[in-house]
Amino acid sequence: MAAGSLQVAAGKEETLAGSATRRDFLRSVGAAGGAGALYSTMSALGLAPVAEAAATEFRPPQRSDFTLSGRAAGKVIVLGAGIAGLVTAYELRKAGYRVRILEARNRPGGRNWTVRGGTTETDLDGRTQRARFSRDQYMNAGPARLPQSHVTLEYCRELGVELEVFTNQNANAYIHHENAVGSLAGRPVRWRTAKADVYGYVSELLATATDQGALDQKLTADDKERLLAFLEGFGDIGGRADDWGYTGSERRGYSVEPGAGTESGTVLGPVPSLSDVFASRIGHRFTFEFGYDQAMLMFQPKGGMDRIPYALARAVGRERIVYGAEATAVTDRPDGAEVTWRDGRGRSHTERADFVVSAIPPMIAARLDHNLGADVTAALRTPSPVPVGKIGLEYRSRWWETDEHIYGGITPTDTDLATVWYPSYGYHGRRGTLIGYYNFGADALAYGRLTHAEREARALSRGVRIHGEKYRTELAASFSIAWHRTPFIEGGWVGWESQTGPEYRRLLEPAGHVYFAGDWLSHAIAWQHGAITSARKVVTELHERVMQG
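Now for a quick tour of the structure. This one's a predicted model, so the numbers in the text were calculated from it and none came from an experiment.

Attention shifts here to the packing of helix H14 (residues 441–448) against helix H15 (residues 452–467). Think of two packed helices as two axes; the pair is described by the angle between the axes and how far apart they sit. It is the contact of H14 with H15, at a shortest axis distance of 9 Å, that shows an interaxial angle of 130°. As the angle between them shows, H14 and H15 are arranged oblique. Packed against H14, whose contacting residues are Ala446, Tyr447 and Gly448, the element H15 presents Arg455, Arg458, Ala459 and Arg462 at the interface. Residue classes in the contact of H14 with H15 are distributed as three nonpolar, one polar and three charged.

Quick look at the sheet that holds strand S1 (residues 75–79) now. Taken in spatial order, the five strands line up as S14-S2-S1-S18-S27 in an open sheet, and their pairing is parallel. Each having just a single partner strand, strand S14 (321–323) and strand S27 (514–516) make up the two edges of the open sheet. When strand polarity is set aside, the average angle formed by the axes of neighbouring strands in this sheet is 20°. The sheet contact formed by S1 and strand S2 (residues 98–103) spans five bridges and is parallel. Looking at S2, one finds that lysine 75 is bridged to arginine 98. Where helix H4 (residues 83–94) meets the sheet, it contacts S1, S2, S14 and strand S18 (355–358), and its direction lies at approximately 165° from that of S2. Packing of helix H18 (residues 528–548) onto the sheet brings it into contact with S1, S18 and S27, and relative to S27 it is tilted by some 155°.

Moving on, we get to the layout of surface pockets. The computed volume of the second largest pocket comes to approximately 500 Å³. Around the second largest pocket sit 20 residues that line it, and Arg190, Thr193, Arg252, Tyr254 and Leu268 are the ones nearest its centre. Of all elements in the fold, only strand S10 (188–190) and helix H6 (191–211) reach the threshold of two or more residues within the lining of the second largest pocket. Here the lining of the second largest pocket is composed, by residue class, of eight nonpolar, five polar and seven charged.

Now for the nonpolar core. If you look at the biggest cluster of nonpolar residues, it comprises 43 residues, and the most contacted ones within it are Tyr97 and Leu542. Of all elements in the fold, only S1, H4, S2, helix H5 (152–159), helix H10 (307–316), S18 and H18 reach the threshold of two or more residues within this core. Considering every element that reaches this core, the biggest residue donor is H18, with eight residues. If near-sequence neighbours (up to four positions away) are discounted, tyrosine 97 is found in contact with Phe66, Ala73, Gly74, Val76, Leu92, Leu542, His543 and Val546. Counting residues in each nonpolar core, the second largest holds 31 residues, with Ala337, Trp341, Val376 and Val494 among its members.

Another aspect to go through is the packing of aromatic side chains. Applying the stated criterion to the full structure yields 23 aromatic pairs. For the pair tryptophan 421 and tyrosine 438, a centre-to-centre distance of 5.4 Å together with 75° between the ring planes defines the contact as edge-to-face. Here the residue tryptophan 421 occupies a position in strand S23 (residues 419–422), and tyrosine 438 occupies one in strand S24 (residues 432–440), the gap between them amounting to 17 residues. With respect to burial, tryptophan 421 and tyrosine 438 carry one shared label: buried.

Looking now at the packing of H4 against H18. Two numbers describe how H4 lies on H18: the axes approach to 8 Å, and their chain directions differ by 40°. As far as their axial angle goes, H18 and H4 are oblique. Crossing handedness for the pair H4 and H18: right-handed. For the pair H4 and H18, contact is made by Ile83, Ala84, Val87, Thr88, Glu91 and Leu92 and by Gln528, Ala531, Ile532, Ala535, Val539 and Leu542, respectively.

Thresholds applied
Residues numbered from 1 in each chain as written. Predicted model: local features only at pLDDT ≥ 70, side-chain atom pairs only at ≥ 80, totals over all residues. Heavy atoms only, no water. Axes fitted to C-alpha atoms, helices over the stretch in contact; angles between N-to-C directions. Helix = DSSP H or I, 4+ residues; strand = E, 2+ residues; numbered from the N terminus. Parallel < 35°, antiparallel > 145°, perpendicular 65-115°, else oblique. Contact = heavy atoms within 4.5 Å. Nonpolar A, V, L, I, M, F, W, Y, C, P; charged D, E, K, R; others polar. Pairing = 2+ DSSP bridges. 1 Å grid on protein atoms, 1.4 Å probe; cavity = no way out; pocket = protein on both sides within 12 Å on 5 of 7 lines; lining within 4 Å. Points joined across faces, edges and corners; volume = space filled by probe spheres on them. Core = buried A, V, L, I, M, F, W, Y, C linked by side-chain atoms within 4.5 Å. Buried < 20%, exposed > 50% of the residue type's maximum accessible area, 1.4 Å probe, protein only. Phe/Tyr/Trp six-rings, centres within 6.5 Å; stacked < 30°, edge-to-face > 60°. Left-handed = near helix turned anticlockwise from the far one by under 90°.

In structure tokens:
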């Protein structure tokens, strides 16, 4: 249908009243011009997604799309019940597609995995762990925090997943650098204390340089005074009469808290030298909280991150998910595609569908038997899996709260622990579970080669340097994960050398009737947001293809 005809059609639609009249009109367009003309008309009338807008705004496909067009929804097989696979199936099912998810593991979620008491896992090295966490204690082995800007929160709202605050930064947590030089080396420093010292000395230096005329070519006289006034407050430094000196203040914290009567409190001291503060490199940690995806407030589902995939799985329907189904082959056909998979008893099955969406990790998809082409195999092998490790440590008491006044947050280190996370749930409870390490790359590889008992011992030997012997003596249970040694996952996430190259772009397009989805095909890799937006992209493109015939 020509553009002029579309304008006439749109004008005619404005004069039509009632859904029956609209349906009759669209049927007449379809009869005269075919499915392509019909879909174009629906787009012009705002009744179908427009391809040009699909990348920036998601319009879920609707059952009414098929009612109005007279077409029928087809069957889609989704490989993998991770977040990308679940969202793909969820959105397609709502529109009337017949969906079926084949998941190799015995649970939904993929890397979104919450470990609780009784959880059992056998890694690729044949080593089996059984979690012995107490009731209501858990560790989020994969994703653990949700930024406010991420679309993941939309699904939590839609599916009724209750949220609570995740404390990503805490002024009472520590920074622990063992490998620095100077008086601060090997000493845990409170985040608030480190920030006060770094901001104070930087402000002192900049104020001194400004007052001595070093920035006269950059600043007017008024600019200089405004900057000096800002730095005096920002760094809590002395004024011009005090040569802008930083001497510390209550921002660093107290060794004796202010109290009743005459107890005014004792400000923490002494203040380390400027040279020692910079030599410690503690200031490098503050860039973390500036990150767009890491800034507070952040959130987590109450009861564990896996509340999200289980809610999605319920919405998709238990009867539409086959667990213990390991895909072994994908074949594109002229009129659809088929998947061969192996069940838990080793029996092989072959199933046909109109489309297949592969939402499994690319390095695993690359090993499937398929006829999608050598370029697809090469593209799937291009991204590199990232080794990632975590350990959950349950303690008989919440000593970090009672003894050290740390309620949630993260302590970064320069050791192979990388970070220690304090729980953002269960405050003032009897027990608590923290993350004893969350590491990547070479450190994760080193821990991954160890048995669980060896990982635990190594993590505790580092942790006592921050918190003392209670870090060891109060331990009740633990569980560790090496994602790169986990069956059917084999990495915490993947990294691309280029997301503008031909390999990445190849996988953004379908291979016949086979599509690919996952956070690894997004610019939010390692976030559930990336998996969801990738799934939405595939859903939109697949639906448009069906509607256009």
